[in-house]
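Per-entry structural report
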Amino acid sequence: MKDDKGRGLFRITSMGYETEDAYVLGAVAVDGHGDRVSARKYYRIKIQDTAMPVEPAIGQIWKVSAKETTTTEVVRGGAELLDIFIKAKSVRLIIPETENLFTNFVSKEPHFVGIGETLARKLWIKYQAGVYEHLENKDVEKLTFVRGITEVAAETLISGWERYENLKQIAWFDKHQIPSGVARNIIKYHKANAIYAIEEDPYRLISFGLKFHQADQFEVVK
């Protein structure tokens, strides 16, 4: 039986378990709109802790590239299914850019507790991707313009979004091929000034795990 390639978009459906240095997450493959690709395939994805830019949570969508995969045929409830185990080579958390992705993300992510599909969809219809600017600016007034979003709900949204505030920086480091684990440590240390710190002195990368020749070859893409 040919193994699944283990590349593409995956929505986290269960937290699975943690090992000493990795997460093993339950997931299903989805397309660019967040719709499930195959009802027959179930995935378990092993991701090294150092590769994770943020803590995983149910409802998140990750772009995964596999180091290796193993496919096993199983029978559950009388149905023949495929259990696919992926050892991830690289992962990247996807910020929702469509109505369906945003609705699924907000309604299922536990840090947005109490914000169901209806309110999430109203937010997207009102602001589209502009909703992220309001969340980053902690703009309660703009969020409560949407009917049904109370001040409490707005504060919940803002609080939930705070755990993703480093994703723009992660995207910058990813663009410059800086490993996620290194990027996460830089952001943890330099916080909002992480990008500026590396632009100012790329050799700071050495202190966070890169080799001298890697830092020496680092070029900032304007």
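Residues numbered from 1 in each chain as written. Predicted model: local features only at pLDDT ≥ 70, side-chain atom pairs only at ≥ 80, totals over all residues. Heavy atoms only, no water.

**Things to note about the packing of aromatic side chains**
How we decide: Centres within 6.5 Å make a pair out of two Phe, Tyr or Trp rings, where for Trp the six-membered ring is used; the pair is then stacked when the planes are under 30 degrees apart, edge-to-face when over 60, and tilted otherwise. The cut-offs for exposure are 20% and 50% of the maximum accessible area for each residue type, with area from a 1.4 Å probe on protein chains only; residues under the lower value are buried, those over the upper are exposed, and the others partly exposed. Charge-over-ring contacts are defined here by two conditions on Lys NZ or Arg CZ: a distance within 6 Å of the ring centre and an angle within 35 degrees of the ring normal.
Per the counting criterion, the structure on display carries 9 aromatic pairs. Ring geometry for F105 and F112: centres 5.7 Å apart, planes at 70°, overall edge-to-face. The same class applies to F105 as to F112, namely buried. With a centroid separation of 5.0 Å and an interplanar angle of 90°, the aromatic rings of W172 and F173 are classed as edge-to-face. We classify W172 as buried; its relative accessible area is 14%. Judged by its relative accessible area of 0%, F173 falls in the buried class. Each member of the aromatic cluster is reached from another via a ring pair, and the members are F102, W124, Y132 and W161. We note R36 situated over the ring of Y42; from NZ or CZ to the ring centre the distance is 4.6 Å.

**Quick look at the packing of helix α6 (residues 167–175) against helix α7 (residues 180–190)**
We count it as follows: Whenever a helix is involved, its axis is fitted only over the stretch in contact; in every case the axis is a line through C-alpha atoms, and angles between N-to-C directions fall within 0 to 180 degrees. Numbered from the N terminus, helices here are DSSP runs of H or I no shorter than four residues, and strands are runs of E no shorter than two. By the definition adopted for this analysis, an angle is roughly parallel if under 35 degrees, roughly antiparallel if over 145, roughly perpendicular if from 65 to 115, and oblique otherwise. Two helices crossing with the near one rotated counterclockwise from the far one by less than a right angle form a left-handed crossing, whereas a clockwise rotation gives a right-handed crossing. Any two residues whose heavy atoms approach within 4.5 Å at even a single point are treated as in contact.
At a minimum axis separation of 10 Å, α6 and α7 run at an interaxial angle of 135°. Of the possible angle classes, the one that applies to α6 and α7 is oblique. Considering how the two elements wind past one another, α6 and α7 form a crossing that is right-handed. When α6 is examined against α7, the residues Q169, I170 and F173 are found in contact with a partner set consisting of A183, R184, I186 and I187.

**Focus: empty space enclosed by the protein**
We count it as follows: Whether a set of points on the 1 Å grid over the protein atoms alone is a cavity depends on a 1.4 Å probe fitting there but being unable to get out, while an open set qualifies as a pocket with protein on both sides within 12 Å along at least five of seven lines; lining residues are those with an atom within 4 Å of a point. Grid points are joined across faces, edges and corners, and a volume is the space filled by probe spheres set on the points. When residues are grouped by polarity, Ala, Val, Leu, Ile, Met, Phe, Trp, Tyr, Cys and Pro land in nonpolar, Asp, Glu, Lys and Arg in charged, and all others, Gly among them, in polar.
For the coordinates displayed, the defined rule picks out 1 cavity of 30 Å³ or more. In this structure, the largest cavity occupies an estimated 30 Å³ of space. Taken together, P53, V91, R92, I170, D174 and S180 make up the full set of residues lining the largest cavity. Those elements that provide at least two residues to the lining of the largest cavity are β5 (79–93) and α6. Split by residue class, the lining of the largest cavity holds 3 nonpolar, 1 polar and 2 charged.

**Side note on the UniProt feature "domain: ATP-dependent RecD2 DNA helicase-like helix-hairpin-helix" (unreviewed entry) in the chain**
For clarity, the cut-off: UniProt positions are given in the numbering used here, feature names are shortened, and annotations may be inferred rather than shown by experiment.
Annotation from UniProt places "domain: ATP-dependent RecD2 DNA helicase-like helix-hairpin-helix" (unreviewed entry) at residues 169–218. Secondary structure content for residues 169–218 is 62% helix and 0% strand, and the end C-alpha separation is 16 Å.

**Regarding unusual backbone geometry**
Positive phi outside glycine occurs at Q128, with the angle close to 55°. Secondary-structure assignment places Q128 in the loop between α2 (117–127) and α3 (131–136). Residue Q128 is classed as partly exposed on the basis of its relative accessible area, which comes to 42%. For K138, which is not a glycine, the phi torsion comes out positive at approximately 55°. Along the chain, K138 falls in the loop between α3 and α4 (140–143). On the basis of relative accessible area, K138 is assigned to the partly exposed category, the value being 43%.

**Some words on the packing of helix α1 (residues 99–108) against α2**
Contact pair α1 / α2: the axes reach a minimum separation of 8 Å and the direction vectors enclose 140°. In terms of orientation, α1 and α2 fall into the oblique class. Read as a crossing pair, α1 and α2 show a hand that is right-handed. Here E99, N100, F102, T103, V106 and S107 of α1 come into contact with α2, specifically with E117, A120, R121, L123, W124 and I125. Taken together, the residues that form the contact of α1 with α2 break down as 6 nonpolar, 3 polar and 3 charged.

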